Amino acid sequence: VLFITTEQELEEIQTMMLAFLSNVNEEHILNAEYEGDEERRVMQAAEILLNSPLYVEELPDFSLADLENVIKLNIRDNDVKYVVFDYIMSSLKILGEIAGRAGGVKIREDNILFMMSRRLKDIANEYGVFVLSGTQLSGDWKDADTPDQNLLRGAKSIADSIDLGMHLLPPSQKDYENLESILSANTFEKPNVKISV
């Protein structure tokens with residue numbers, strides 16, 4: 001697995017991974033204030049991470065070429081089969097790269113985001129790897145009755161390049177009302193996330 005981070009540093013990613021694997025609150029790890037067997041679990045999680053075929057690359061300011069090169073390098077050198085890219089966004093380097101390719105013509109951000117999503121899809125198909133990524137939502141997500149591609153910030157066309165898209169949102173009061181007959185049986189816990197596929 002290759003995880004490409006765009007905004008977080010390696011140290012932040014590692015701490016989150018340790019917290020997830022060990023089921024220990026991230027604050028406990030950051031402050032080295034463990035309760036019970038938490039320290040042992042964190043050490044065990046660290047050992048698992050060290051021995052896992054998991055590779056993390058930092059690309060804070062990247063071009064499409066940089067993104068493709070880091071993926072191809074990890075496919076070749078580390079036999080990567082899964083790529084997680086956090087996340088589809090424009091960067092100064094991409095803006096310059098695209099402007100250069102377009103002969104200095106300014107390209108709208110939605111077109112740049114679409115090109116990036118299209119390139120990720122092409123890489124997945126060309127190299128037979130699974131690519132998982134995300135993007136931001138517009139501010140309309142809070143009022144949406146139907147969470148679909150229209151909520152994507154910057155480029156609704158990103159949805160044209162994907163095989164599967166999901167919005168992870170907090171449930172609304174209306175969602176809880178719709179689930180009342182199921183939740184009243186006390187078989188399931190009250191959900192804190194709804195997924196619109």
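The structure under discussion appears in the preceding block.
Caption draft 1: Region of interest: the nonpolar core. Within the largest apolar cluster, 26 residues are counted, with the highest numbers of intra-cluster contacts made by Ile4, Leu67, Ile71, Phe85 and Met116. When contributions to this core are tallied by element, the ones reaching two or more residues are strand S1 (2–5), helix H4 (64–78), strand S3 (82–86), helix H5 (92–101) and helix H6 (109–127). Setting aside anything within four residues of it in sequence, one finds Phe85 in contact with Ile4, Thr6, Phe62, Leu67, Met116, Leu120, Leu132, Ser133 and Gly134. In terms of nonpolar packing, the next biggest core, distinct from the first, is built from 10 residues, Phe3, Leu18, Val42 and Leu49 among them.

Caption draft 2: Inspection of a negative patch on the surface at higher detail. Together, Glu9, Glu11, Glu12, Glu26, Glu27 and Glu58 line one region of the surface with negative charge. At the level of elements, helix H1 (10–22) and helix H2 (26–31) are the ones that each hand at least two residues to the negative patch. Here Glu9 shows up in the loop between S1 and H1.

Caption draft 3: Looking closely at the packing of aromatic side chains. Applying the stated rule across the entire model yields two aromatic pairs. Here the aromatic rings of Phe62 and Phe85 are separated by 5.5 Å at their centres, their planes lie at 90°, and the arrangement is edge-to-face. Here Phe62, found in the loop between strand S2 (55–58) and H4, pairs with Phe85, found in strand S3; they are 23 residues apart in sequence, far enough to count as distant. Phe85 matches Phe62 in its accessibility class, with the two residues each being buried. In this structure, Lys190 is placed above the aromatic ring of Tyr176, and the distance from its NZ or CZ to the ring centre is 4.2 Å.

Caption draft 4: Representation of the pattern of salt bridges in the model. Taken as a whole and assessed by the stated rule, the structure comprises 14 salt bridges. Arg41 is the partner of Asp37 in a salt bridge, and the nearest nitrogen-oxygen pair spans 2.7 Å. For Asp37, a relative accessible area of 34% translates into the label partly exposed. When salt bridges that share partners are traced, they join Glu68, Lys72, Arg118, Arg119, Asp122 and Glu126 into one network.

Caption draft 5: The arrangement of the environment of Asn25 in detail. Mapped onto the secondary structure, Asn25 falls in the loop between H1 and H2. Sequence spacing of Asn25 and Thr15 is 10 residues, and the spatial spacing of their C-alpha atoms is 10.0 Å.

Caption draft 6: View of the packing of H4 against H6. For the pair H4 and H6, the least separation of the axes is 11 Å and the interaxial angle reads 20°. When the axis of H4 is compared with that of H6, the two are roughly parallel. Like other packed secondary-structure pairs, H4 and H6 cross with a definite hand, here right-handed. Contacts from Leu64, Leu67, Glu68, Ile71, Lys72 and Ile75 of H4 reach H6 at Met116, Arg119, Leu120, Ile123 and Tyr127.

Caption draft 7: Expanded view of the environment of Met16. Structurally, the position occupied by Met16 is in helix H1. Residue Met16 is classed as partly exposed on the basis of its relative accessible area, which comes to 30%. On a C-alpha basis, the gap between Met16 and Ser161 in space is 29 Å, while along the polypeptide they are 145 residues apart. Those residues within four positions of Met16 in sequence are excluded, and the remaining contacts are Gln8 and Glu26.

Caption draft 8: Spotlight on unusual backbone geometry. Geometrically, the link from Asp86 to Tyr87 is a cis peptide bond, its omega value of 5° lying close to zero. Looking at where Tyr87 falls in the secondary structure, it is placed in the loop between S3 and H5. Even without being a glycine, Asp79 presents a positive backbone phi close to 55°. The phi torsion at Asn186 lies on the positive side, around 55°, for a residue other than glycine. If you trace the backbone, Asn186 turns up in the loop between helix H8 (180–183) and strand S6 (194–196). Assessed through its relative accessible area of 69%, Asn186 is described here as exposed.

Basis of the calculations
- Residues numbered from 1 in each chain as written.
- Predicted model: local features only at pLDDT ≥ 70, side-chain atom pairs only at ≥ 80, totals over all residues.
- Heavy atoms only, no water.
- Core = buried A, V, L, I, M, F, W, Y, C linked by side-chain atoms within 4.5 Å.
- Buried < 20%, exposed > 50% of the residue type's maximum accessible area, 1.4 Å probe, protein only.
- Helix = DSSP H or I, 4+ residues; strand = E, 2+ residues; numbered from the N terminus.
- Contact = heavy atoms within 4.5 Å.
- Patch = residues over 30% accessible without salt bridge, like charges linked within 9 Å, V, L, I, M, F, W, Y side chains within 5 Å.
- Areas by Shrake-Rupley, 256 points an atom, 1.4 Å probe, with all protein chains shown as cover.
- Salt bridge = Lys/Arg side-chain N within 4 Å of Asp/Glu carboxyl O.
- Lys, Arg positive; Asp, Glu negative; His and termini not counted.
- Charge placed at Lys NZ, Arg CZ, Asp CG, Glu CD.
- Phe/Tyr/Trp six-rings, centres within 6.5 Å; stacked < 30°, edge-to-face > 60°.
- Lys NZ or Arg CZ within 6 Å of the ring centre and 35° of its normal.
- Axes fitted to C-alpha atoms, helices over the stretch in contact; angles between N-to-C directions.
- Parallel < 35°, antiparallel > 145°, perpendicular 65-115°, else oblique.
- Left-handed = near helix turned anticlockwise from the far one by under 90°.

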